[in-house]
Amino acid sequence: MTHIAVLGSTNMDLVTYVARAPQRGETVTGREFRTIPGGKGANQAVAAAHAGADVTLIGAVGVDSFGSQLRSALEHSGVDTDHLRTTEGPSGTAHIVVDDQGGNAIVVIPGANGTVDHLAPGDEGLITTADALLLQLEIPLAAVVAGAEAARRHGVRTILTPSPAQPLPAQLLASIDLLVPNEYEAAALTGTPDPREAATALLDHVPEVVVTLGAAGSLYAARGAAPLTVPAPRVDAVDSTGAGDTFVGTLAVALAEGRPMPEALAWASAAAALSVQRIGATSSMPYRSEIDAEAAPYTHHAQSTS
Ligand code: ATP
């Protein structure tokens with residue numbers, strides 16, 4: 001079985017469902033409120049576990065009740081939490097407003113994630129045994145750099161989701177194999193709103209880039225190869241929370257299994273399309289058999305046109 005290591009955040013998502021998100025100073029009546037385990041690190045870990053990999057999450061939760069709920073939710077999803085520390089203070093939280101169009105607005109408060117600023121003893125050993133290391137930017141940059149460099153030293157593929165968008169030091173990019181920004185992050189990183197131009201600019205820093213484009217699919221670019229546009233399956237989206245993390249977690253599993261990039265992208269697109277048709281982040285992530293069924297027509301297409 002493939003083994004994916006994830007170094008990143010775990011949050012309790014505090015999700016409000018409302019017809020239309022309020023403007024500044026406005027009060028609106030929402031429809032429903034839920035607490036759902038999330039955080040980009042945990043989300044990508046669960047997506048990869050559901051997709052069929054052995055997954056270990058490196059990170060931290062707080063001593064509050066959210067911390068124990070987050071840990072047990074991860075374990076219930078099949079994620080190994082041996083490298084998930086429990087630290088003093090609150091767990092991370094994400095306050096999410098989902099509107100009737102399936103769009104979302106998010107405020108993240110790091111909590112325990114802010115203490116993950118280094119690799120703990122044993123973390124590097126774990127990373128060396130993995131087929132891929134998934135990284136995001138919801139923990140301090142020092143740990144992201146340390147994790148990427150440890151993976152690079154041992155020839156482990158590194159995949160970075162540059163979210164929340166922020167300037168990336170050259171030292172980090174030098175250890176990244178595949179960068180997966182959404183279109184806003186790609187624009188923020190490069191200063192160009194055109195995803196194709198942004199992807200080309202990012203190839204100056206990393207060998208492979210996938211820009212995710214929401215319902216419009218994704219765009220793959222690699223040094224020395226023509227860009228590949230991957231359409232998303234047409235579906236009725238009810239909640240896009242976690243779509244990007246589902247896409248990345250699933251993509252990592254397919255690549256770790258040695259599948260060619262066009263097929264891996266089609267598989268990840270099928271998984272993400274399934275996730276936007278369901279409520280929540282981890283609660284919306286499809287299992288391997290569901291992804292296979294959804295992806296069948298697209299993977300055939302990807303193989304026959306690659
Ligand atoms: P989020 O922050 O909502 O988790 P994101 O901004 O990181 O998502 P997106 O580009 O919105 O990432 O979506 C990731 C992938 O999910 C897309 O590349 C696409 O394959 C799939 N996807 C997103 N929205 C839809 C949709 N409405 N229909 C089908 N697929 C979708």
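Being a predicted model, the structure only gives us computed values, none of them experimental. (Residues numbered from 1 in each chain as written. Predicted model: local features only at pLDDT ≥ 70, side-chain atom pairs only at ≥ 80, totals over all residues. Heavy atoms only, no water.)

**Here we look at the site of the ligand**
We count it as follows: Only heavy atoms are used to decide nearness, and a residue is near a molecule or strand if one of them lies within 4 Å of it. Residues adjacent in sequence count toward polar contacts only when both atoms are side-chain atoms; beyond that, a polar contact is any pair of N or O atoms within 3.5 Å, and within protein one must be able to donate a hydrogen and the other to accept it. The protein chains shown are the only cover counted for residues, whose accessible areas, like all others here, come from Shrake-Rupley with a 1.4 Å probe. Both cavities and pockets are sets of points on a 1 Å grid over the protein atoms alone; in a cavity a 1.4 Å probe fits but cannot get out, in a pocket the set is open with protein on both sides within 12 Å along at least five of seven lines, and lining residues sit with an atom within 4 Å of a point. Assignment to a cavity or pocket requires that more than half of a molecule's atoms be within 2 Å of the site's grid points. Counting from the N terminus, the helices are the DSSP runs of H or I reaching at least four residues and the strands are the DSSP runs of E reaching at least two.
Within the structure, the ligand sits among 19 residues, and N182, T212, G214, G217 and S240 are positioned closest to it. Take T212: an N or O atom from its side chain is 2.8 Å from an oxygen atom of the ligand. Protein coverage of the free-state accessible area of the ligand, which is 630 Å², stands at 85%. Of all the cavities here, the one that holds the ligand is the largest pocket. For the shell around the ligand, the elements supplying multiple residues, two or more each, are α8 (243–256) and α9 (261–275).

**Focus: the layout of surface pockets**
The line we're drawing: Grid points are joined across faces, edges and corners, and a volume is the space filled by probe spheres set on the points. Residue polarity follows a fixed list, in which Ala, Val, Leu, Ile, Met, Phe, Trp, Tyr, Cys and Pro are nonpolar, Asp, Glu, Lys and Arg are charged, and the others, Gly among them, are polar.
By volume, the largest pocket is sized at about 1,200 Å³. Around the largest pocket, the lining is made up of 49 residues, and of these N104, N182, S240, A243 and G244 lie nearest the centre. For the lining of the largest pocket, the element with the most residues is α8, which contributes five residues. Class assignment of the residues belonging to the lining of the largest pocket gives a composition of 23 nonpolar, 19 polar and seven charged.

**Quick word on the packing of aromatic side chains**
Basically, it comes down to this: Stacked, tilted and edge-to-face are the three classes assigned to paired rings of Phe, Tyr and Trp, where Trp is represented by its six-membered ring and a pair needs centres within 6.5 Å; plane angles under 30 degrees give stacked, over 60 edge-to-face, the rest tilted. Geometrically, a lysine NZ or arginine CZ counts as sitting over a ring once it is within 6 Å of the ring centre and also within 35 degrees of the ring normal.
Summed over the entire model, instances satisfying the criterion amount to zero aromatic pairs. Geometry around W267 places R259 over its ring, the cationic atom sitting 4.2 Å from the centre.

**Considering the UniProt feature "binding site: ATP" (unreviewed entry) in the protein**
The condition is simple: UniProt positions are given in the numbering used here, feature names are shortened, and annotations may be inferred rather than shown by experiment. When a residue's accessible area, from a 1.4 Å probe over protein chains only, is under 20% of the maximum for its type it is buried; when over 50% it is exposed; and in between it is partly exposed. Contacts are assigned to residue pairs that have any heavy atoms within 4.5 Å of one another.
The UniProt record annotates "binding site: ATP" (unreviewed entry) at N182, T212, L213, G214, A215, A216, G217, G244 and D245. Cross-referencing the annotated residues with the lining of the largest pocket gives N182, T212, L213, G214, A215, G217, G244 and D245. Checked against the element boundaries, L213 lands in the loop between β12 (208–212) and β13 (218–222). Look at L213 and you get buried, because its relative accessible area is 15%. Setting aside anything within four residues of it in sequence, one finds L213 in contact with E183, P195, S218 and L219.

**Examining the pairing of β12**
Selection criterion: For two strands to pair, DSSP has to find at least two bridges joining them.
Taken across its five residues, β12 has five buried, putting it largely inside the fold. Neither face of β12 is open: one carries E208, V210 and T212, the other V209 and V211, and all of them are buried. In this structure, strand β11 (residues 178–179) lies alongside β12, joined through two bridges in parallel fashion. Across the sheet, L179 pairs through a bridge with V209, a residue of β12. Between β12 and β13, which pair antiparallel one after the other, the connecting turn spans five residues, and G214 there sits at a positive phi close to 60°.

**Some thoughts on the packing of helix α6 (residues 183–190) against helix α7 (residues 195–202)**
Here is the rule we go by: Only the stretch in contact is used when fitting a helix axis, every axis being a line fitted to C-alpha atoms; angles between N-to-C directions are given from 0 to 180 degrees. Roughly parallel means an angle under 35 degrees; roughly antiparallel, over 145; roughly perpendicular, 65 to 115; everything else is oblique. It is the rotation of the near helix from the far one that decides the hand of a crossing: anticlockwise by less than a right angle makes it left-handed, clockwise makes it right-handed.
Where α6 meets α7, the closest approach of the two axes is 9 Å, and the angle between their N-to-C directions is 55°. In this view, α6 runs oblique relative to α7, as classed from their interaxial angle. In the packing of α6 onto α7, the handedness of the crossing is left-handed. Residue-level contacts link A186, L189 and T190 of α6 to A198, A201 and L202 of α7. For the contact of α6 with α7, the class distribution of residues is five nonpolar, one polar and no charged.

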